[in-house]
Structure formats: structure tokens, C-alpha cells
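Chain by chain, the residues:
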Number of protein chains: 2
Amino acid sequence: MENLYDILALGFDPKRTHVFFDSKSIAALYPLAIRVARKVPYSTVKAVFGFEPSTNIGLVFYTALQTVPCFWPSWAEGRSVPCLIPCGIDQDPHFRVTRDIAEGLGYPKPALLHSQMIPGLLGEAAMSTSGDRPENALFLNDPPGAVERKIRNAFTGGRATVEEQRRLGATPEVCSVWALWRTRFAESEEKFQEVTAGCRSGTLLCGECKSQLLERVHSFYRHHAQAREKVKDWAESTIITAAPKAL
Amino acid sequence: MENLYDILALGFDPKRTHVFFDSKSIAALYPLAIRVARKVPYSTVKAVFGFEPSTNIGLVFYTALQTVPCFWPSWAEGRSVPCLIPCGIDQDPHFRVTRDIAEGLGYPKPALLHSQMIPGLLGEAAMSTSGDRPENALFLNDPPGAVERKIRNAFTGGRATVEEQRRLGATPEVCSVWALWRTRFAESEEKFQEVTAGCRSGTLLCGECKSQLLERVHSFYRHHAQAREKVKDWAESTIITAAPKAL
């Protein structure tokens, strides 16, 4: 539920939002999941996910469940409703399987949008918390002091000394702070180009760049915390708990 | 639901009967099924059931669901409640897997009672309807005429001629009608011994034996049809639809 509050607070419309929880929505998901499961042989998921004999049978079945939201709109409305799935590239294989079986079940193939990962603050490819490196990621419930500390310590594309950076410029493409500007914190394309040019030319030093970014991040956190409180009133009502009709 | 009516009509007490339907009870079963699934590697179900690469992932997962009723009483009551599973031998492998993982999940191992199969009326090992041989089985909704016809045509242990049977006796152990006497239609041990001795000695011929059996079968069907109507009022209320508590 905490994750759901964070997602809904980004601006979802209560009237047009429907949420599946694997646990809370299982009565709604299961009838369709078993129809999917019948179409997917073990050899397929083994090849797609590289399952080993030691893989547990819950994981083997999981793709069937993951598939259901793609077909749900068609099931619920009794007509062919196309479905767009925005997801990280790591979830893509599930939906490749889904696309293979969709037409056999009479549903349209889902289309996918691959979301870009935000690089980690320590210079890693993704802002993940795998392992025990909380400093690699901003959490939406981090207090302002932690946000400030993490960004101040974040890996950048800067040079070893101020003098060198003034003379040679820095490298935005490798910088975790620049990635944040790009992701959502530059309020306009102009601002983003100004930051990028300042970085590359050496006129905008990393400390000043981080200060400007922090203003925007703090503002986002304040807005998000307020929005998050408001969605708690209706978040539960978005969760689907029953199948659309008897099969 | 039709199967449930037939089962409940055999004499279950509404107050002490709880029924799981994989479909209707999935919200109740699933939280425990995924805990089970995590403990069962694919290699185990492959070895136990002889799964092939072409086996669908629903079947691979199914043992996890089949296991849940064994642990349900303990889960619901929050203490260790032993569980006895009466089942056909064909369901035994699921519960072998269950026994292997029970203690790792903190539940007692289920005990099993293997029910004996009723032989088929055509002389097959089980009164099953595999294939298209409806004459091999009595159905609980067969009209009296069909019951009579099937039993009159049933395979027996009798001889080729009456004369021969009077002289040599018949063989109850191979007879599908004798199996019905044994299963439930002899009202006493004495009656069963009388039928068996009459058969073996040649004094009770197959036609007369079938007539005596048919009286009892018709009586059972009449009683069953009445009992079946009565359980319809409360059958639905026995179905478990929610987990005993939030996990």
C-alpha cells in the first residue's frame, strides 16, 4: 500500500485508475491466469527466464499472473481492448510470452513502453537498492537532510579540481546529477540545455549544479508528501477484487 | 456445485463442513499456496509427476494449491492441527510433496487414507468414465431405467451356462456386482457373507444376485435424491472464500 500511495500521488485520476495487487486481487486474476497457464508450457518459461530445476514452482507459474492485466480490459468489456504496458526492461520477457499466446486466447497482443532506469547516485546503472547501499537511491520517504546528503555525495562527471573543471569542463553523460535533471527536475528544455552547456563548458561547477537541483528536489518532495496524504482516502477503492463476470 | 451436492448429500453436517473450490476459494487459498510454492522446486514436481517440458505451468503450480487444505486448519486456528486426507491413490503424490515441506512451514504433516476404487461395471479396474464408456459407471443422476440396464449388463464372475454355474459356482473376486455389495450395498456383514457364499457355491445365480442388489441401489438413489435437494439450501454456505486472517 505504501508503494501504491507513492504511485497514485504522481497524479493518477481516481475515476480512471484500477489497481491489481497479486494478493488482494487474486480472486479477480485467477480465472484468467489459469486460462493463460494452460497455454504456456514449462519449456517456454524455462527458455525465456533461464529457469533451473531448483526454481520454485511459484516463479514458474508467475508469468500467468503477470499476463492477466494485459487481457483484463478486453475481458471486462467483452470486446477487444488494446493494452499498453509501461515497464522496466527487466519485466519485458513476461510480456514477450504474453504476446505469443494473446491471439490464441482471443485477446489483442499488449504493446510495451520500456521505461528508462534512473542511474544510481553512486554511479551505478540503476537507482536500485540491491545489496546494502541506501546512498545509491533517493527514497520517497527520505527526510530533507538525507536527500541533501545523498545528492551532495552523489557521483558526478566533474574534474579532480575546480581549476581543471573551469579549464576543461565536465562530462554530463556520466553524471548521476545530470541524469536527475534530465529525468524530471529540469522545468523546461531550456533549463536542461542551460545546465548541460554550463557543465560541459566549465562555467557551472558541481556544487552550484547540485544546489540548483536540490531546490527542485526539495520542492518535489514537499508537493509529493501532500499529494500522498490525499490519495490515502481513495487508494483502496482503486483495487480490483472481483472478476468482471462468471466465466 | 453439482458434485458438491452429491458429496454433501452423503451425510455431512452443515455446522462442521467447510469446502474449498479452487476457483471460488482462491482468495482464501492463495496466500498459503505461494508460501508452499516457494518451498517446492520444479525438480521435485518433475520427479514426482513425471512432468515433461511440454507440461503447462498451471499443472506445475497445482501441487501448491492442492496442499493448502492440509495446512488450513492450523492456519485458521493459529495452532498445530493434524489433518487427515481421504483420497484416491492417484492423488497421493501431491501429498507426498506436502509431507516433505510441512515441517519447514511449521505445520504438521498430513496423514492419508487411500480410498479403494469401485471397479467398473464393464470389468475395468475403476468405475471411471475415461473414454466414452458411460456403461462402465453408475452416475448419481442416472434414472432408474439406466441404473437397471447398467447393472443387468454388468460384468460378473459367473459361468457360461446356468448348469455350469450350479455345478462349479462363480467367482466373486472378479465380479463388478459383488464389488458393489462389498462397497456399500450389503446392509450387514451377514448379508455380505450370504451373497458371497451363495455366489461361490452356485446357489445364487447372477440374475437373482443382480435383482437383490438393484432393490438396494434403487432405494439408495431415492434416498440420495431427497437428501440432495435438502443440501442445496446450505451447500453454498460451506464454501470458504476468505483467508482466516491477514498474513
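## Some thoughts on the pairing of strand β1 (residues 84-88) of chain A
Sheet topology note: the β1 of chain A/strand β2 (residues 111-115) of chain A ladder contains 5 bridges and is parallel. Residue pairing for β2 of chain A: G88 of chain A is matched across the bridge by S115 of chain A.

## As for helix α2 (residues 26-39) of chain A
With 14 residues, α2 of chain A extends 19 Å from end C-alpha to end C-alpha; this agrees with the ideal 20 Å at 1.5 Å per step. L32 of chain A marks where α2 of chain A bends most, by close to 30°. Within α2 of chain A, the full set of buried residues consists of I26, A28, L29, Y30, L32, A33, V36 and A37 of chain A. Contacts from the buried residues of α2 of chain A go to α4 (57-77) and α5 (92-102) of chain A together with α2 (26-38) and α4 (57-77) of chain B.

## What to know about the interface of chain A and chain B
Opposite the 21 residues of chain A that make contact, chain B presents 21 residues. Roughly 1,800 Å² of surface becomes buried between chain A and chain B when both sides are summed, with 77% attributable to carbon and sulfur atoms. The three residues of chain A that bury the most area against chain B are Y30, Y42 and I57 of chain A, which together make up 37% of that side's buried surface. Summed over the shared surface of chain A and chain B, the number is 0 salt bridges. Taken together, chain A and chain B are joined by 8 residue pairs in polar contact (both at pLDDT 80 or more). Among the elements that take part in the side of chain A that touches chain B, α4 of chain A stands out by supplying 6 residues, more than any other. Partitioning the side of chain A that touches chain B into residue classes produces 14 nonpolar, 5 polar and 2 charged.

## Observations regarding the packing of aromatic side chains
Counting across every chain of the model gives 16 aromatic pairs over all chains. Centroid distance F71 of chain A to Y107 of chain A: 4.8 Å. Interplanar angle 20°. Geometry classified as stacked. Highlighted residues: F71 of chain A in helix α4 and Y107 of chain A in the loop between α5 and β2, separated in sequence by 36 residues. According to the relative accessible area criterion, Y107 of chain A is buried, its value standing at 10%. A ring pair is formed by F220 of chain A and Y221 of chain A, whose centres lie 6.0 Å apart and whose planes are at 80°; its orientation type is edge-to-face. Taking the relative accessible area as the measure of exposure, Y221 of chain A reaches 13% and is therefore buried. Within the aromatic cluster, the residues linked to one another by ring pairs are F20, W72 and W75 of chain A. Its guanidinium or amino end placed over the ring of F21 of chain B, K24 of chain B lies 5.3 Å from that ring's centre, counting from NZ or CZ.

## Quick word on the relation of the copies chain A and chain B
For the pair chain A and chain B, the superposition axis carries a translation of 0.0 Å, the fit reaches an RMSD of 0.0 Å, and the rotation angle comes to 180°. Given the turn and translation reported, the copies of this chain are related as if by a two-fold rotation axis. A shared interface surface links the copies, since 100% of the contact residues of chain A are contact residues in chain B too.

## Here we look at the pattern of salt bridges
Pairs can form between side chains of opposite charge once their charged atoms are near each other. If you walk through the whole model with that rule in mind, you get 28 salt bridges over all chains. With its nearest N and O atoms 2.8 Å apart, the salt bridge here joins E77 of chain A to R79 of chain A. In this structure E77 of chain A comes out as partly exposed when scored by relative accessible area, which is 46%. With a shortest N-O distance of 3.0 Å, E194 of chain B and K191 of chain B are connected by a salt bridge. Note that E194 of chain B and K191 of chain B are positioned in helix α9 (residues 189-201) at a spacing of 3 residues, about one turn of the helix. Here K191 of chain B falls in the buried class, since its relative accessible area comes to 9%. The network of salt bridges with common partners includes E2, D6 and R228 of chain A.

## Points about the confidence of the model for chain A
When pLDDT is averaged along chain A, the result is 93; 98% of the residues meet or exceed 70. What the predictor reports for the complex is a pTM of 0.80 with an ipTM of 0.78.

Rules used throughout
- Residues numbered from 1 in each chain as written.
- Chains lettered and ligands numbered in written order.
- Predicted model: local features only at pLDDT ≥ 70, side-chain atom pairs only at ≥ 80, totals over all residues.
- Heavy atoms only, no water.
- Pairing = 2+ DSSP bridges.
- Helix = DSSP H or I, 4+ residues; strand = E, 2+ residues; numbered from the N terminus.
- Expected span 1.5 Å × (residues − 1).
- Bend = angle between axes of the 7 residues up to and from the residue.
- Buried < 20%, exposed > 50% of the residue type's maximum accessible area, 1.4 Å probe, protein only.
- Contact = heavy atoms within 4.5 Å.
- Buried area = accessible area lost by both parts, 1.4 Å probe.
- Salt bridge = Lys/Arg side-chain N within 4 Å of Asp/Glu carboxyl O.
- Polar contact = N/O pair within 3.5 Å; in protein donor to acceptor, adjacent residues only side chain to side chain.
- Nonpolar A, V, L, I, M, F, W, Y, C, P; charged D, E, K, R; others polar.
- Phe/Tyr/Trp six-rings, centres within 6.5 Å; stacked < 30°, edge-to-face > 60°.
- Lys NZ or Arg CZ within 6 Å of the ring centre and 35° of its normal.
- Least-squares fit on C-alpha atoms with pLDDT ≥ 70 in both.
- pLDDT = per-residue confidence, 0-100.

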